[in-house]
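# Remarks on the overall topology
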Amino acid sequence: MNKPKIRFKGYEDDWEQRKLNGIADVRDGTHDSPKYVQEGHPFITSKNVSNGCINYDDVQYVTDEDYEEINKRSKVDIHDILMGMIGTIGNLALIREEPDFAIKNVALIKYTGDVDYQFLYQALQTGYVTNQLSAGMDGGTQKFMSLKKIRELDIPYPEVQEQEQIGIYFKNLDHLITLRQRKCEETKTLKKYMLQKMFPQNGTNVPEIRFDGFTDAWEQRKVKDIAPLQRGFDLPTSQMEEGVYPVVMSNGIGGYHSQYKVEGPGIVTGRSGTIGKLHYIEGDYWPHNTTLWVTNFYGNNQKFIYYMYQCLDLSRFSTGSGVPTLNRNDVHDEVVCIPSLSEQKRISGYLTYLDHLITLHQRKCDELVKIKKYMLQNMFV
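Throughout what follows, the structure given in this document is the object of discussion. The model shown is predicted, which means the values in this text are computed figures rather than measured ones.

Right, let's talk about the overall build of the protein chain for a bit. When helices and strands are counted, the protein chain shows eight helices and 22 strands. Computed over C-alpha atoms, the radius of gyration of the protein chain comes to 27 Å, more than 25% over the 21 Å expected from 2.2 N^0.38 for 381 residues, which places it beyond the range of a compact globule. Considering the protein chain as a whole, with its 381 residues, one finds that 45% of them fall into the buried category. Within the protein chain, contacts between residues separated by at least 24 positions form 69% of all contacts whose residues are at least 6 apart in sequence. Just so you have it, the protein chain exposes about 20300 Å², and 46% of that area is on carbon and sulfur atoms. Considering the protein chain, the positive charge centre built from 45 side chains and the negative charge centre built from 50 side chains are found 4 Å apart.

Dropping the structure here:
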């Protein structure tokens, strides 16, 4: 079929199809290994190309001389597209502003004007193209894609006016996704900051930030005296079945059961393997033997205890050189500070609100990602 299922009004013609190197100048970065320096120009490889952007985490730097030499062959310009060729194959980055980096082990798809760059960037994300990439991979443990095969990718495309409309539509959709992701990350950052400021730090007994009306010092207690941990129960995977009670395992909800339960709310964390991840369970549940769970809150606000445990950073208490195990005795001996029940409720209410915002932003982001996936399937041939 040479027509997509969903189109803007006024377009009915069949789409054409050409090889990628017939509509763009396709090159790669340097094959040399320049000497790295402390300061200079970022040196981008496939691992730095992800989610439509350049990720500068753990990036290396090259000198002015190497930068100029590499860019004689593979200079990156605005509107170009980068594609991972080794390891993270097919990951893309659209260059939206004047770059200041050199590349290696990255395909450089240069904008020539033959096809709208926004349209091409989205076309390279479609299942039609990613399936070609998957089929063309070479290598054993570390997969790679040859430049020759990238150049030979089949790219369907319509007339330029339709390309531009499709490109603008997906550009706006990507902007909404980025906006939601940013709001989610900003709220996570705010929560992390408030956990540090609303709980006493460094041996003090009062937090830096408090609600009005609370001035008393917090009481110092050992964890075992306010919210001790108990090992979960055995329940073979074969006994998990359709039911109303979630079986909480070290890495999340592992299944459900209709018979076994403990009364919620409760706090569950991994005992071995996945250490430090916490689950707050509102209703009744069954803590698996791969977990530790809070058995008694001794009259404290359950949600406050949940946030107190987040401040503890349970990964600090893991032991073992192979599969890490959480040492609950060390956790129990940790000294923490506890305020009055009324202040506990105010703090937990505020942090619960932040968690709600994080969930809301993430859900909206996930919905937009699903919409984009659907439209990529139906607005392209």
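Once that is clear, we can look at unusual backbone geometry. Residues Gly264 and Pro265 are joined by a peptide bond in cis, for which omega reads 0°. Mapped onto the fold, Pro265 is located in the loop between β15 (252–257) and β16 (266–270). If you check the backbone angles, His79 has positive phi at about 80° while not being a glycine. Within the secondary structure, His79 is located in the loop between α1 (64–74) and β7 (81–84). Residue class for His79 comes out partly exposed when judged on its relative accessible area of 26%.

Before going further, it helps to examine the pattern of salt bridges. For side chains of opposite charge, pairing can occur when their charged atoms come near one another. For the structure shown, the criterion picks out 20 salt bridges. Linking Asp80 and Lys110 is a salt bridge whose minimum nitrogen-to-oxygen distance equals 2.6 Å. Of this pair, Asp80 sits in the loop between α1 and β7 while Lys110 sits in strand β10 (residues 106–110); the two residues are 30 residues apart in sequence, bridging distant segments of the chain. For the pair formed by Asp80 and Lys110, the shared burial category is buried. Put simply, Asp138 and Lys149 hold a salt bridge, and the shortest N to O gap is 3.1 Å. Of this pair, Asp138 sits in the loop between α3 (127–135) and α4 (147–151) while Lys149 sits in helix α4; the two residues are 11 residues apart in sequence, bridging distant segments of the chain.

The strand order across the open sheet formed by three strands is β15-β14-β18, and the pairing between neighbours is mixed. Either end of the sheet is taken by a strand with one partner, and the two such strands are β15 and β18 (286–287). Pairing of strand β14 (residues 245–249) with β18 involves two bridges; the strand directions are parallel. Residue Val247 lies in a different strand from β18, and its bridge partner there is Trp286.

Criteria and thresholds
- Residues numbered from 1 in each chain as written.
- Predicted model: local features only at pLDDT ≥ 70, side-chain atom pairs only at ≥ 80, totals over all residues.
- Heavy atoms only, no water.
- Helix = DSSP H or I, 4+ residues; strand = E, 2+ residues; numbered from the N terminus.
- Rg over C-alpha atoms; globule rule 2.2 N^0.38 Å.
- Buried < 20%, exposed > 50% of the residue type's maximum accessible area, 1.4 Å probe, protein only.
- Contact = heavy atoms within 4.5 Å.
- Areas by Shrake-Rupley, 256 points an atom, 1.4 Å probe, with all protein chains shown as cover.
- Lys, Arg positive; Asp, Glu negative; His and termini not counted.
- Charge placed at Lys NZ, Arg CZ, Asp CG, Glu CD.
- Salt bridge = Lys/Arg side-chain N within 4 Å of Asp/Glu carboxyl O.
- Pairing = 2+ DSSP bridges.

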